[in-house]
Amino acid sequence: MKTYIFLSFAVALCLTACERRGLPTAYADYPIQPVSLTRVQLTDAFWLPRIQTLREKTLGYAFDKCDTEGRFENFQTVARVLQGEPGLTRGAMPFDDTDVYKTIEGAACSLVSVPDADLEAYVDSIIALVALGQESDGYLTTWRSIDPMHPPADWVSPGERWTDLGMSHELYNSGHLFEAASAHFLATGKRNFLDIALRNADLLVRVFGDTTRNEVPGHEIVETGLIKLYRITGKEDYLRLARKFLDLRGDATRRRLRGPYSQDHLPVTQQEEVTGHAVRALYLYAGMTDIAALYSDSAYRSSVHRLWENMTHKKMYLTGGLGARHQGEAFGANYELPNLTAYAETCASIGSVYWGERMFRIYGEATYYDVIERTLYNALLAGISLEGTEFFYPNPLEADAWYAFNQGKKTRQPWFDCSCCPTNLIRFLPSLPSLIYATQGDTVYVNLFVSAKAEIPLGRRCVDITQETDYPWDGKVNFRVSTRGNAGGLTLRIRIPAWAVNEDSPGSLYTSRPVGKVESYALWVNGERVEGKRQNGYVEISGRFTGDDRIELNLPMQVHCIEAHPGVEADRGLLALSYGPLVYCAEETDNRGHFDAISLDPNDTYTVEKRPDLLNGVSVIRNGSATFIPYYAWSNRGEGKMKVWFPRRTSPTVGDRR
Ligand code: FUB
Ligand code: ZN
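Because the structure is a prediction, the values reported are computed rather than measured.

Close contact between helix α7 (residues 170–188) and helix α9 (residues 222–233) brings their axes to 7 Å; oriented N to C, the two are set at 35 degrees. The chirality of how α7 crosses α9 is left-handed. Between α7 and α9, the residues in contact are Leu171, Ser174, Gly175, Phe178, Glu179, Ser182, Phe185 and Leu186 and Val222, Thr224, Gly225, Leu226, Lys228, Leu229 and Ile232, respectively. Residue composition of the contact of α7 with α9, grouped by class: eight nonpolar, five polar and two charged.

On the basis of which strands lie adjacent, the open sheet formed by five strands has the order β1-β4-β5-β9-β13 and mixed pairing. Lying at the two open borders of the sheet, with one neighbouring strand each, are β1 (33–34) and β13 (538–543). When β1 meets strand β4 (residues 437–440), the two strands line up antiparallel, connected through two bridges. Residue pairing in the sheet places Pro34 in a bridge with Ala438 of β4.

Turning to helix α2 (residues 47–68), a few remarks are in order. If you check α2, its first and last C-alpha atoms are 30 Å apart, about what 22 residues at 1.5 Å a residue would give, namely 32 Å. A bend of about 40 degrees at Leu54 is the largest found in α2. Where α2 is concerned, the buried positions are Trp47, Arg50, Ile51, Thr53, Leu54, Arg55, Thr58, Leu59, Tyr61, Ala62, Phe63 and Cys66. A positive phi of about 90 degrees marks Gly70, the residue just after α2.

What is expected of a backbone is that most residues other than glycine have negative phi and most peptide bonds are trans. A cis amide bond links Tyr471 with the next residue in sequence, Pro472, at an omega value of 5 degrees. Here Pro472 lies in the loop between β7 (461–469) and β8 (476–485). Look at Tyr335: it is not a glycine, yet its phi comes out positive at around 65 degrees. Residue position: Tyr335 is located in the loop between α12 (298–314) and α13 (346–363). The backbone of Asn616 shows a phi angle near 65 degrees, a positive value even though the residue is not glycine.

Every residue close to ligand 1 is listed here: Phe95, His169, Tyr172, His219, His277, Val279, Glu329, Glu345, Tyr393, Cys418 and Cys420. At 2.5 Å, a side-chain N or O of Glu329 approaches an oxygen atom of ligand 1. The protein chains hide 94% of the 270 Å² of surface that ligand 1 would expose on its own. When its residues are assigned to classes, the shell around ligand 1 shows six nonpolar, three polar and two charged.

Glancing now at the domain arrangement of the protein. Along its sequence, the protein is carved into domain 1 (1–19 + 43–254), domain 2 (437–554) and domain 3 (559–647). The C-alpha-based centres of domain 1 and domain 3 are spaced at 40 Å.

The next point concerns the coordination of the zinc ion (ligand 2). Ideal coordination angles are 109.5 degrees for a metal with four donors arranged tetrahedrally and 90 or 180 degrees for a metal with six donors arranged octahedrally. Coordination of the zinc ion (ligand 2) by the protein is provided by Glu345 (OE), Cys347 (SG), Cys420 (SG) and Cys421 (SG), with metal-donor distances spanning 2.1 to 2.4 Å. Classification of the site at the zinc ion (ligand 2) as tetrahedral follows from its four donor atoms and the range of 99 to 115 degrees in their angles at the metal. Taken in sequence order, the residues that donate to the zinc ion (ligand 2) follow the motif E-x1-C-x72-C-C.

Moving on: the packing of aromatic side chains. In this structure the tally under the stated criterion is 33 aromatic pairs. A ring pair is formed by Phe208 and Phe245, whose centres lie 5.8 Å apart and whose planes are at 55 degrees; its orientation type is tilted. One end of the pair, Phe208, is in helix α8 (residues 192–208); the other, Phe245, is in helix α10 (residues 236–248), with 37 residues separating them in the sequence. What makes Phe208 buried here is its relative accessible area of 1%. Both rings, one in Tyr363 and one in Tyr368, keep their centres 5.9 Å apart while their planes meet at 25 degrees; by these two values the pair is stacked. Residue class for Tyr368 comes out buried when judged on its relative accessible area of 2%. Of note, Lys228 hangs over the ring of Tyr354, and the distance from its end group to the ring centre comes to 5.9 Å.

The rules behind these values
Residues numbered from 1 in each chain as written. Chains lettered and ligands numbered in written order. Predicted model: local features only at pLDDT ≥ 70, side-chain atom pairs only at ≥ 80, totals over all residues. Heavy atoms only, no water. Axes fitted to C-alpha atoms, helices over the stretch in contact; angles between N-to-C directions. Helix = DSSP H or I, 4+ residues; strand = E, 2+ residues; numbered from the N terminus. Left-handed = near helix turned anticlockwise from the far one by under 90°. Contact = heavy atoms within 4.5 Å. Nonpolar A, V, L, I, M, F, W, Y, C, P; charged D, E, K, R; others polar. Pairing = 2+ DSSP bridges. Expected span 1.5 Å × (residues − 1). Bend = angle between axes of the 7 residues up to and from the residue. Buried < 20%, exposed > 50% of the residue type's maximum accessible area, 1.4 Å probe, protein only. Near = heavy atom within 4 Å. Polar contact = N/O pair within 3.5 Å; in protein donor to acceptor, adjacent residues only side chain to side chain. Areas by Shrake-Rupley, 256 points an atom, 1.4 Å probe, with all protein chains shown as cover. Domains from an automatic or database assignment. Donors = N, O, S within 2.8 Å, 3.2 Å for Na, K, Ca; no water. Tetrahedral: all angles 85-135°; square planar, octahedral: opposite > 155°, others 65-115°. Phe/Tyr/Trp six-rings, centres within 6.5 Å; stacked < 30°, edge-to-face > 60°. Lys NZ or Arg CZ within 6 Å of the ring centre and 35° of its normal.

What follows is the structure in C-alpha cells.
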C-alpha cells in the first residue's frame, strides 16, 4: 500500500508537470477530460480478477511468446546488422514489433494499480532491447532494418524504407510505439521508452511533415499516436503531421488512392459509411475525432458524427462486435450482420471503445457509453479466456462445431501468427479504470458501474468517490462522495443506461423489452428518494458534497428479449436474451440433447440463477430446459455449438414497432 501511494504521488507530480505545460493556445481541446488511470483504484469483483489474471498470467505469457517466437531477437538482430553482420528476420508479420510495444503498454498500466519492482525492471530491460533495434536517425521497424529485401510476409513488397506504405506497416509500427510509449510515460513517469518514440516521431516529421512527401499509412494508428506525443511534449509538429496524414487520405488530387479497404476512397471529411478493414477504420475515426476536438473543425466533427451513426445504426452486432466479413477483416454492407461467419475482430471492439470514448468527450451524451458498455461486457471481453491465456480473434455470434472460425480453430487459441488481438487486450484491459469517470468544469460524469476508489482533481479541489457494486449481476450501485480543498458546487452526472429504460439501441438496430413487469431505475441521496430525471442519458445531482454524501442507484436488472431491425436478414424471426449490459448465449454443453430445438417466447418465464461454481461465477438464465450463459464466457469448456439468436416461437413480436 505504501509503495502504491508513493508511485501514485510520483506519477501525479509528473502528470501535473505535463498538465501545467498545457497545449499551445492556438488549439482547442475536448470539452470533457478523462480521469486518469492513476486516479482510480479498482476494487471490483467483476473486472479486478480479470485484470489480475492478465497481470499474473497473460503478461508473462505474452512476453514469453515474444521471446520464443523471435520478436525480441529481431531488435537484437538489427543491432548486429547495423554493425555489418548478416541477419534474418524471425516471425511472420511485418508488425511483430507491435506485440512487444503493446505488452509493455499493458505492463506499464498494470504497474499503476499494483507496483511490482521485478516487473518494472523487466520492462526496462525490454525497452533497452527495443532501443537496440532503432537506427541512428530514429527509424524503427525491425524487419526492414534487418533485410528490406525479404519481408516476413509475401503480401509486403521488398524494397527500401516507406516504399510500400499500404502494406509494410512501418507507420503502424510507429503508431503503436507512440501509443505504448505515451502510456508508459504517463503510468511510470519514466522517459526511457518515450525517448525512443520521440526519436522515431521526429524522423517522421522530417520525412513526412511539412514536406512534399504526400503519403499516408495503409493501417492507421500513427495519427492517434502522434497526437498523444503532442499532448505530452506540446510539440505542434506531431499534431500537424497527424492532421496531414488524415487530410491526405482520400484526396485524389494529391495522391494515388488505395480505395475503401484502407478508407482511402474519399476525403475523410466526405466519408459517410464505415468501410473496409474494420480495425484500420476505427483507428482512423478515433484520430479524426481528435482532430475535430483539437482544431474545433466542424467538417471533421460532422464526419465522425455521421460515421458513428452509420456504424451504430447499421453495422454493429448485438454484442458490440464490428466487421461482418472475414474477407478483408472488413465491415459489410448496411445491415449485413451474419452470425456464424461474423468477423467481429477483438481489435475492432477495442478500437470502437477508443473511438466511442472520444465521441463522448466531444458530445457529452451517454449513448456513446451505452455502446462502450455493450462492447466491453460482450464482444471485447469474450476475446480473452477466463484463464487469460487463450484468445479469440473473430468473435462470431454462432458456432456450429464445424466452421473453424478462429483462424482455423473452432475454439480459443493460445496465440496466433498474427497476434494483434491478444496483445491489444493486454494493452487495453489494465487501462479500463480510466473509462469510469470524466470531468467538465464542475461536473463529474459517472459512466461505468465498477467498484473503485477515485480521487478526481476538479479545479482546485479533489473529489473522492467510492463506488461499490456487484454490477453486472446486480443493479444496485452505492456511491460515497466528498470533496477536499476549495469547496463549491459540484454536479454528478450518472449514466442511466438505455437498456435500463428499455430504449432501443441507436437507429433501432436492436429493440429490447423486459420480460414480465416493467421496472424502473430509482435514486436516493443521503437516504432520500429523488426523482432523477434522465437527460442525454444522465441523471444529474448537484450539491456541495462537503460531507460524506451517499448516493444509491438501483438499475432494474431484468431479462430482456431482443429483436433486430428487419433490415438484418440474419436475425429475422429470431430473438436474443440480455440481462443488464450482458448479452446471453446458449452453449451446447449446457444444453445437451435439446440445443438445436431451443426457441424463445417473450411470454415465457425466465429465471436468473447465481452460479458461483460456473465459469468463475456467473448468473445463468433458465427458460424451460434451456440454460443461457453470458456471451463473454463462452468457449471456456472446449469446442461445441453456440448461439446468441434463437427462433421466436410466437408472434406478436417483442416490440410493437413492426
Ligand atoms: O494489420 C495489423 C493487424 O493485423 C490488424 O489491425 C488486424 O486486423 C490484423 O490484420
Ligand atoms: Zn486483432
